[in-house]
Structures are given as structure tokens and as C-alpha cells.
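A structural walkthrough
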Amino acid sequence: MTGVVLENLSWKKLSFLGICLLLLQLAFFLIGGLVAPAPSNVVTVIGTKCYDRGSVLHRNRWFIPRGRNACESLDSLDSSDAKIVDESITEKQVVFSFWIPGPRDGAERQMHPIFQSMLGVLDLDIEFDPANPVGREPTLQLDIRMGVRNKDDREDDWKLLAESVEDRTLQCALPAHDKAKGAYYNCELLQLFELGSVHHHFYLVNIRLPVNFVKGYNVGIGKVIDLTIHTIHQNGGFSYVWFSMKSAMFPMVLLVLVWFWRRITQLDRPANLLERTLFSLGIAMSILNLPLEWFSLSFNTPFMVLLNDIRQGGFYAMLLSFWIIFAGEHILDTVERNRLNLYWKHLSAVVFGCICLFIFEMCERGIQLKNPFFSIWVSAVGTKLALAFLILAGIAACCYFFFLCYMIFCVFRTIGTKRASLASMTSLRKSYYMGLIYRFKFLMILTLICAALTVVFFILSQFSEGYWKWADNEQRLEYSSAFFTGVYGMWNVYVFGLLSLYAPSHKTVVEIDAGDGSSEETVQLTDLPVTPTEASALQSFVSKAAQD
Amino acid sequence: MVGSTPLCTQLKGLSPGQIGLCQRYTDHMPSVGRGAQIGIHECQFQFQSRRWNCSIIEGDSSVFGPVLERASREAAFTHAISAAGVLHSVSRSCKDGELNSCGCSRARRPKDLARDWIWGGCGDNIEYGYKFAEVFVNIREKDKNHPRHSKELARMLMNLHNNHAGLRAVYNYAMVSCKCHGVSGSCSLRTCWQSLPNFREVGLRLKDKYDGAVEVKFNKRGTKLKRKNRKFNKPGKEDLMYLESSPDYCNANPETGSLGTVARECNRSSAGTDGCNLLCCGRGYNTFKRKVVERCHCKFKWCCYVECKTCEKIVDVHTCK
């Protein structure tokens, strides 16, 4: 068994590395808090009510709210409105048209690939009319077409991106204090679409609400006044900061990973399980760090959101597996470990949980690649299915934490018994065990700090979300951005620290043969002798750890 | 924009300061006009059963006529609801993209980025509406300086306070909606936005404030207003305040601007303010029959043309003597 860098590093070097990593962590937090804007932005577009004139419906025509090819718009949908009465306009001839984004500062704005993804939520303004109230959870059927155009295209050249007929359940309630005619219902927001890439400049959404009395679609939905779409997209500024962070971290972690592997290949024994796990963790981190997102700026990559979720899931699965194996390898008993199949119970909990989440993710985001208007949550069966997968994943997570806690308990118990017998050991065997204990405690504390920080950041960011401020101009911390960059940076720093501190040290190579666990100890000191100063540093180190 | 736009000088009822604003922000004016409209409309809805029913006087530059020259509760309410209407309407126009200056967030973006909204999105519509409406309605009061203890100063302070109360009735009750969209749709990422409250709710809230309005007078130094009767609560920032008690609005009186309640329809069976007893100020009422043509047996859809039959019925109508 070899020592790791952590044990053989002088206090000075260790604190230097620690401070560097801490500063790096602080930098991540401040970059998110001070440089980056809020992670996402909302664009609200009120629908223009277009009139599809004529006796035949023009299902394949685009209705455009403004510009040279603007549709014939209706000011009001009220049944007493002069135009509605004169031309007997029916609900089938009304098309709600949305051009995303809306104009601002007197000019058309454009979407940008840097926005990464776009989520649309539908908000209905329904007026209370005693003669035509909203029924109990009526089915809203949306006949939706979505078109795209780029700024250099002809102004009427909208290309079809997706079309679908979608059912949503409408849930509305009247405010308790106001039941007079003209009051507005409070309706739940409805998920409309989710796009994995924002590759075009303009998006056009046309929605019809055709009534079908036989099948009960769009019946009893009250008196619809307006439709509004709120689209949420990632802010460009945040994307730039995020991509830059990834681009900076990728080579750093990769470099230390290569160094780590070189250390292992320099050993004259094959890598043990813990080293292989740590190496895999580094690989998972590097895969997550790989700044693939830059490609989305030049190519249409609707799968990017899905891919990012999978990459992130892969990293966290690897992290959880690493903790289990690390704890397991530090149980100081006589069982021969160093084999992956010893951990099949624990790892299968991780794998099972991940598979559940993966299936859920594929059902939601995977199908959205095909039909952006799909959501597993809108149908009753889908909701049950989604909940089933999430509950299974939750159970797997509970099992995992039970296993992990039990393992940590085992480690502490064996540490306790080993401590008692430390005095009777030879100094080298003693330092071997003390090294193990020190390594374990160090990682334990580091991990706890990281987990605590994640929770604290999360609470902070949730807290600031519902908090609305007056002046937008003054400098203030953008907590939600800081949460994302801070937590992301933190796990990078964590992996970076682990790779550099838990790499095999080549200062001393101590081999202890304690296979049979007898009192007979054969200790070999191989080629690199310990210099007196380093040995004393090691001693002080170990005694320090033992005092803890 | 240089030079005067004829539109602004032709508009009645604008103060010199407002004309200046009108010339600078011509594109805001249709929306300000709509705001005033919804304010009046809501005022009339809220007061339909009161002796003063928020009636407007055609062709009068002050819209509501001389009734508002008196610093009464009614004046307080109309100021508040007009300010609220302007805020509501300007915010909506801002969202619709009708306005030129309702801009995007300029906070902390790199200077070389041409299109700033890509960096951090656009500013909040409601906040812009608040700022614009505040300047627009208050500039009218701030046109002149008034000496201490003067009636004009008291009126100015009252109007400013009530304008703010109206703005707050919209701004402080903006609805915050949120959507979770983190990894796999979890709440690790949550985005919130504000939406305008319904104007009906604003009207209801201000009507409450009207009923609980506080009578105020000058403090000793003659610079600020304080409550007249210490038994009542101090007027808060959302409360309405007034200086003079209201006339009873029973009879037409050109001095107070009251139109009286003669010929107003009343409800014979009601004991409330719309009941014939109270509304007619005890003068009694006339009853006659009226034929009403109604649409009935309608087949309603969510919008548009409704197929109905017409029904006739005869109802009793009561009007004040």
C-alpha cells in the first residue's frame, strides 16, 4: 500500500493548495454573483387576435401579428362587438398569434442561439360571465402551429417547426371577494412548449381553440379575453459566463487527471479500486466540463439540453459511487476488498435510481425533441407514470443513503477499535493506519462542507427568487447565478482537490504485508528512503490527525 | 423629439408640464388615454349605486367637472384611480412593445455587446409603468410652488399622496408567477415574473380605501398633512386622504359640482345605497313599466358570435323624484 500525496505533503504546501482552491471557489461564486446576469429571462407576449376571414378555414396559412403581412386583427372577442356581430365571426375563425420575442425600444428584437433553450407557458385571461361560467376542469384543446424565420429571410417566409393538437386541463377559480360580472378568473399556468435550442431569430405561434360540443373540447371554458405566452430562456450573459467557466475548468481538471494517471502508471503494481474510481470520477467531471455548448452557437442542437442533463446525471452518479467505494475501502477490517463486485448492492441502488431518472428524462425531454408541445405531466396517465419513476428514484436514493450511512458507521467503528490497539503496533504499521484514518476524515469533512454549501447556496437562491426589488441599477449579488456557478465550481474544485491529494505519493513507498492479520509484520522499505525532515513532517502530521 | 406636436396642445386637461412630457413621449399618449378611460370606467362601476356615481361631464377639460375642485373623498378616489389606470395601461403597452423608451435592462452588461437584451433580458414592464405614471401624474401638481399654510399647498400634498396610493394599489399587488425548469424539470432553477393585477381588483381595493379615507389638516409648521382626528389611524402610504367633507350629492348644486340624484334609477327592494330610500334622499320615486328586449336561450362558446333568441319582458323601473 502506498501513501497518498495528502499524507506526505507539508503543512505549508497543503495550506497553500487549500487556500488556492478556496480562492478559486470564491472566484466562482463572485463571477456568478457579480458578472453574470440572472440565469434566465422571461419574455411575455400578448396574443394578437387574428381573423381568419372566409367560409373555408386556412389551416396552413401563417397569421402574423405585425409587420407588412400582418393579419386582420380583432380588437375584442365580445359577442356584442360590432365587427363580431356584423360578420358573425365564430370561434373557429379566431387565431391567437404570437411573435416571439415582442418588439422593444421601437425595434424588433431577435432570439439568439446563446439562449440555449426556450420554455413557453400559456396564461389565459378569462372573464366571469354568469351566463357562461368556467366548468369544472374543462379540457382545453389547443390547435398549435409553430413557425420560425431568420432575419434575412423574406418577411412572410415562415417555416413550420412543429404542429400539434394538444389537450390541457384548465383549472380556474374566481377570486373569493369578487363574483360580479367582469371579474377575472385566476387560472393555473399551462405548459405550452419546450425547445432544446433557439436556433432561429423569430418564432411564431398560432393557436386556435375550436369548440367541439360532441367530444367536449373547449366547452365550458368561460369567456376568453386574451391569451398570453410567457417564454423563459437562458440569458445570453449567463451562457457566456457559464461556457467560459466550463472552458476554463475543462483543461485544468483534464491536466490534473493526466498527472494522476501518470502517477499510477509509475507504480509497480496495478491501480487499485479506489484509484480507478477516482480516475473515473475525474473522467465524468471532464465529460461534464467539456464545453460542447459552444457548438450550439453555430449548429442547431436541440438535443443539447437532454445531453447536458445526462452528463450531469452521469457525474452525480459517479460521485455517489465514489463515496460508497471510498468509505468501503477505508473499513479497517481483514476482509479482502479492492473488488467492485463487493459493492454491487450499493452501486445497484445508484444505477437503479439513475435509470429511473433517465427513463423519466427520456419520456419528457426525449419526446419533446419530436413534439415540443408534449409534456408528460399534462395527462393523468403520464403524471402517474412520471410520479412512479420519480418515487422509485427516491426509494433508490433512500437505500443509497442508508447504505452510505451504515458504511460510514462501520468505518468509524473500526477506526475506534484500531485506535485502541495503535499503541501496541510498530511505528510504520501505526503510521499506515493513522494515514488511512487521516485520509478518511479529511475527505469526510471536505464532502460535508461541500454538501452543506450546496444546500446553503440553494436556499439563498430560492430566497432571492421571490424577492422583488425596486431599483435594478444598483450593484447587487445575483444569487441564483451565484448558486449555479458556485455549486458547479465547487464540485470542480472538489474533484480537482481529490485528484491532486489522493494521487499516490512517490516520496515514500511503504509496503505492509498484513494479509493474514497476524502479529507477525513484515515491513519493507523500498527504494526511496525517507529523509529525516520529511519523516518528521509525516510524524507531526499523523500525530495531529490522531489527536482529532 | 424637437418641436411641439400639435396633438399635445390640442388635448384638453393637460398641465404645461404634462404637455412637455406629451411632446417627449408622444407614443405613450394613446396608452395614457386608455389608462384614464379604464380608470373612469372602473370608477363608474364601483360607484354605480352611490349618489355620486362618478359621472363625467362631456366637453369639460377636467373630465369629472367642478366636483373635483373640492378636496373631498371623491377627488381623492378619482386621482388615485386615474393614476392606477395610467400605470396599468402604460405597463401593458410596454409589454405589447408599443412604446419606444420602455427599454431593456442595462445593468452590468459588457459595453461592447451591441444588443443589450441578449445579455440580461429586458427590464420589468410594471416598474417602467410605475416610473412613467408617477412622473406623468405628479408633474401636474409640481408645476408651481406654494407658500406654507396655503390652501393650494394642502391640495397639492393631498393629490400627491392620493396619486401614490393609486399607483401602489397596482404595483404592490402585482402577481408573481413562477415556473420551475431545472434539470428534469426540477425546481433547482425557478424563474419568476410579475403580472399586472386585474383592474377590477385595483378598483375594489381603492374603493375600500375610499371608505376608510382619512381626513387630514396641516401640521403646525404648515408643511405637511396630518390626521385631523387622533382617534383614527394615521394615513399609510396606501391610504387615501382628503381635506374637506363631501357634499351630500342629493341636489344639483353648481357650486359643489353635484349633479343631484333626480331621475336616477333606484332599487326599491334594496336597503343599501342603491335603494330608493337612500339614493333619492327621501324625496320619493316614480314607478313606470318598461319593455326590455333581451337575448335569451343562448348557446355560448368561449368567444364571438352567439346564437340567441330574443325575449321580451316588462319590468318595473323606479326613478328618483
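Think of each chain on its own: its residues are numbered from 1, step by step along the sequence as written. Each chain is given a letter, starting from A, and each ligand a number, starting from 1, according to the order in which they appear as written. Owing to the predicted nature of the model, reporting of local features is limited to residues with pLDDT of at least 70; listing and counting of side-chain atom pairs is limited to 80 or more, with chain, interface and lining totals taken over all residues. By convention in this description, side-chain values take in all heavy atoms of the structure and omit both hydrogens and water.

1. Quick word on the overall build of chain B
Looking only at helices and strands, one finds 9 helices and 10 strands in chain B. Among the 321 residues that make up chain B, the fraction classed as buried is 47%. A fraction of 61% describes how many contacts in chain B between residues 6 or more apart in sequence connect residues 24 or more apart. Here the accessible surface of atoms and residues is derived via Shrake-Rupley with a 1.4 Å probe, and residues count as covered only by protein chains that are part of the display. Summed over its atoms, the accessible surface of chain B is roughly 16300 Å², and 50% of this surface lies on carbon and sulfur atoms. Under the DSSP-based scheme used, a helix requires at least four consecutive residues in state H or I and a strand at least two consecutive residues in state E, with every element numbered from the N terminus. Residue burial is assigned from relative accessible area. The probe radius is 1.4 Å, only protein chains are included, and a residue is buried under 20% of its type maximum, exposed over 50%, and partly exposed in between. Whether two residues are in contact is decided by their heavy atoms: any pair within 4.5 Å suffices.

2. Let's talk about the overall build of chain A
Counting its regular elements, chain A contains 11 helices and 13 strands. Out of the 548 residues in chain A, the part that is buried amounts to 51%. Restricting to contacts in chain A with at least 6 residues of sequence separation, those with at least 24 account for 80%. Summed over all atoms, the accessible surface of chain A reaches about 25100 Å², with 64% contributed by carbon and sulfur.

3. Comments concerning the state of the cysteines
Two cysteine sulfurs form a disulfide in these notes if their separation is within 2.5 Å. With the rule as written, the count across this model stands at 11 disulfides over all chains. There is a disulfide in this structure between Cys94 of chain B and Cys102 of chain B, and the S-S distance comes to 1.6 Å. The pair formed by Cys94 of chain B and Cys102 of chain B is uniform in burial state, with each residue classed as buried. Between the sulfur atoms of Cys303 of chain B and its disulfide mate Cys304 of chain B the distance is 2.0 Å. The disulfide joining Cys303 of chain B to Cys304 of chain B has a torsion of about -60° about its S-S bond and is therefore left-handed. What makes Cys303 of chain B buried here is its relative accessible area of 4%. Look at chain A and number its bonded cysteines as they come in the sequence; the links are 1-2, 3-4. The structure places no disulfide on Cys354 of chain A, whose sulfur is separated from the nearest cysteine sulfur, that of Cys356 of chain A, by 9.2 Å.

4. Re a nonpolar patch on the surface
Residue and element names in this part refer to chain A. To count toward a patch, a residue needs a relative accessible area over 30% and no salt bridge; like charges are then connected within 9 Å, while nonpolar side chains (Val, Leu, Ile, Met, Phe, Trp, Tyr) are connected within 5 Å. Basic side-chain nitrogens of Lys or Arg form a salt bridge, by our definition, when they fall within 4 Å of a carboxyl oxygen of Asp or Glu. A cluster of nonpolar side chains, namely Ile19, Leu23, Leu26, Leu30, Ile31, Leu34 and Val35, defines an oily patch on the protein surface of about 580 Å² accessible area. Within the secondary structure, Leu30 sits in helix 2 (residues 11-35). Of the residues examined, Leu30 reaches a relative accessible area of 36% and is grouped as partly exposed.

5. Some remarks on the nonpolar core
Formed by 134 residues in total, the largest nonpolar core has its most connected members in Phe96, Phe193 and Ile207 of chain A together with Trp302 of chain B. Element by element, the count of residues in this core is highest for helix 10 (residues 479-501) of chain A, at 14 residues. Ignoring anything within four residues of it in the chain, the contact list for Phe193 of chain A reads Ile100, Met118, Leu119, Gly120, Met146, Val205, Ile229, Thr231, Pro372 and Phe373 of chain A. Grouping buried Ala, Val, Leu, Ile, Met, Phe, Trp, Tyr and Cys residues that are joined through side-chain atoms within 4.5 Å yields what is termed a nonpolar core. Among the nonpolar cores identified, the runner-up in size contains 62 residues, and Leu21, Ala80, Val86 and Met158 of chain B belong to it.

6. Examining the pattern of salt bridges
Two side chains that carry opposite charge are able to pair once their charged atoms sit near each other. Residues and elements named next belong to chain A. Applying the stated criterion across every chain, the model contains 34 salt bridges over all chains. Note that Glu91 is salt-bridged to Lys92, the shortest N-O span being 3.1 Å. Members of the salt-bridge network, linked through shared partners, are Arg53, Glu72, Lys83 and Glu87.

7. Re the confidence of the model for chain A
All names here are of chain A. pLDDT measures how confident the predictor is about each residue, on a scale from 0 to 100. The predicted model of chain A has a mean per-residue pLDDT of 84, with 89% of residues at 70 or higher. When mean pLDDT is compared element by element in chain A, strand 10 (residues 202-208) scores highest at 95, while strand 13 (residues 522-525) scores lowest at 36. Under a pLDDT of 50 for its full length, residues 465-474 has, in the predicted model, 20 contacts with residues more than four places off or in other chains. For the stretch residues 509-548, pLDDT sits under 50, and the model shows 44 contacts to residues farther than four places along the chain or on other chains.

8. Quick look at the packing of aromatic side chains
Note on aromatic pairs: each is described by the distance of the centres and the angle between the planes. Any Phe, Tyr or Trp ring, taking Trp's six-membered ring, that has another such ring centre within 6.5 Å forms a pair; planes under 30 degrees apart are called stacked, those over 60 apart edge-to-face, and the others tilted. Under the counting rule described, the total for this entry stands at 31 aromatic pairs over all chains. A ring pair is formed by Phe322 of chain A and Phe326 of chain A, whose centres lie 5.6 Å apart and whose planes are at 45°; its orientation type is tilted. Of this pair, Phe322 of chain A and Phe326 of chain A both sit in helix 6 (residues 304-329), 4 residues apart, which is roughly one turn of that helix. This pair shows no difference in class: Phe322 of chain A is buried, exactly as Phe326 of chain A is. Members of the aromatic cluster, joined through ring pairs, are Phe238, Trp242, Phe483, Phe484 and Tyr488 of chain A. Our definition puts a charge over a ring when NZ of Lys or CZ of Arg is within 6 Å of the ring centre and also within 35 degrees of the ring normal. A cation over an aromatic ring shows up here: Arg145 of chain A above the ring of Trp62 of chain A, its NZ or CZ 4.3 Å from the ring centre. Geometry around Phe47 of chain B places Lys207 of chain B over its ring, the cationic atom sitting 5.4 Å from the centre.

9. Topic: unusual backbone geometry
The omega angle of the peptide bond from Ile100 of chain A to Pro101 of chain A is 0°, so this bond is cis rather than trans. Backbone geometry places His149 of chain B, a non-glycine residue, at a positive phi of 60°. The topology assignment puts His149 of chain B in the loop between helix 6 (125-139) and helix 7 (151-171). For His149 of chain B, a relative accessible area of 48% puts it in the partly exposed group. The backbone phi angle of Cys304 of chain B is positive, close to 70°, even though this residue is not glycine. Inspection of the secondary structure assignment puts Cys304 of chain B in the loop between strand 9 (285-299) and strand 10 (307-320). What makes Cys304 of chain B buried here is its relative accessible area of 1%.

10. Focus: empty space enclosed by the protein
Residue and element names in this part refer to chain B. A 1.4 Å probe that fits but cannot get out identifies a cavity on a 1 Å grid over protein atoms alone, an open set with protein on both sides within 12 Å along at least five of seven lines counts as a pocket, and a residue lines either if it has an atom within 4 Å of a point. Grid points are joined across faces, edges and corners, and a volume is the space filled by probe spheres set on the points. Applying the stated rule across the entire model yields 4 cavities of 30 Å³ or more. Taken as a whole, the largest cavity spans an internal volume of roughly 70 Å³. Listing elements by their share of the lining of the largest cavity, those giving two or more residues are helix 4 (73-96), helix 6 and strand 2 (190-195). A total of 3 residues in the lining of the largest cavity trace back to one element, the largest contributor, which is strand 2.

11. Some words on the packing of helix 4 of chain B against helix 8 (residues 199-211) of chain B
Helix-helix packing is described using two parameters, namely the angle between the two axes and the distance between the axes. Residue and element names in this part refer to chain B. Lines are fitted to the C-alpha atoms to define the axes, a helix being fitted only along its stretch in contact, and any angle between axes, read from their N-to-C directions, falls within 0 to 180 degrees. At a minimum axis separation of 10 Å, helix 4 and helix 8 run at an interaxial angle of 155°. For the element pair helix 4 / helix 8, the angle class is roughly antiparallel. The handedness of the crossing between helix 4 and helix 8 comes out as right-handed. Where helix 4 approaches helix 8, its residues Arg73, Glu74, Phe77, Ala80, Ile81, Ala84, Gly85 and His88 are matched on the opposing element by Phe199, Val202, Gly203, Leu206, Lys207, Tyr210 and Asp211. Taken together, the residues that form the contact of helix 4 with helix 8 break down as 8 nonpolar, 3 polar and 4 charged. Every angle not falling under 35 degrees, over 145, or within 65 to 115 is termed oblique; those three ranges are roughly parallel, roughly antiparallel and roughly perpendicular. It is the rotation of the near helix from the far one that decides the hand of a crossing: anticlockwise by less than a right angle makes it left-handed, clockwise makes it right-handed. Charged means Asp, Glu, Lys or Arg here, nonpolar means Ala, Val, Leu, Ile, Met, Phe, Trp, Tyr, Cys or Pro, and polar covers whatever is left, Gly included.

12. Topic: the sheet that holds strand 9 of chain B
All names here are of chain B. At least two bridges found by DSSP between two strands are what make those strands a pair. Pairing is antiparallel across the open sheet formed by 3 strands, whose spatial order is 8-10-9. Whereas interior strands pair on both sides, the edge strands pair on one side only; in this sheet they are strand 8 (265-266) and strand 9. Bridge count between strand 9 and strand 10: 13 bridges; the pairing is antiparallel. Among the inter-strand pairings, Val293 is bridged to a residue of strand 10, identified as Glu312.

13. Some remarks on the interface of chain A and chain B
Counting residues at the interface gives 84 residues for chain A and 58 residues for chain B. With both chains or domains summed, chain A and chain B bury close to 6000 Å², and 58% of this area falls on carbon and sulfur atoms. Across the contact surface, chain A and chain B share 2 salt bridges. Here Glu91 of chain A makes a salt bridge to Lys301 of chain B, at a shortest N to O gap of 3.1 Å. Residues adjacent in sequence count toward polar contacts only when both atoms are side-chain atoms; beyond that, a polar contact is any pair of N or O atoms within 3.5 Å, and within protein one must be able to donate a hydrogen and the other to accept it. Summed over the shared surface of chain A and chain B, the result is 16 residue pairs in polar contact (both at pLDDT 80 or more). Two parts lose some accessible area (1.4 Å probe) when they are put together, and adding that loss for both gives the buried area.

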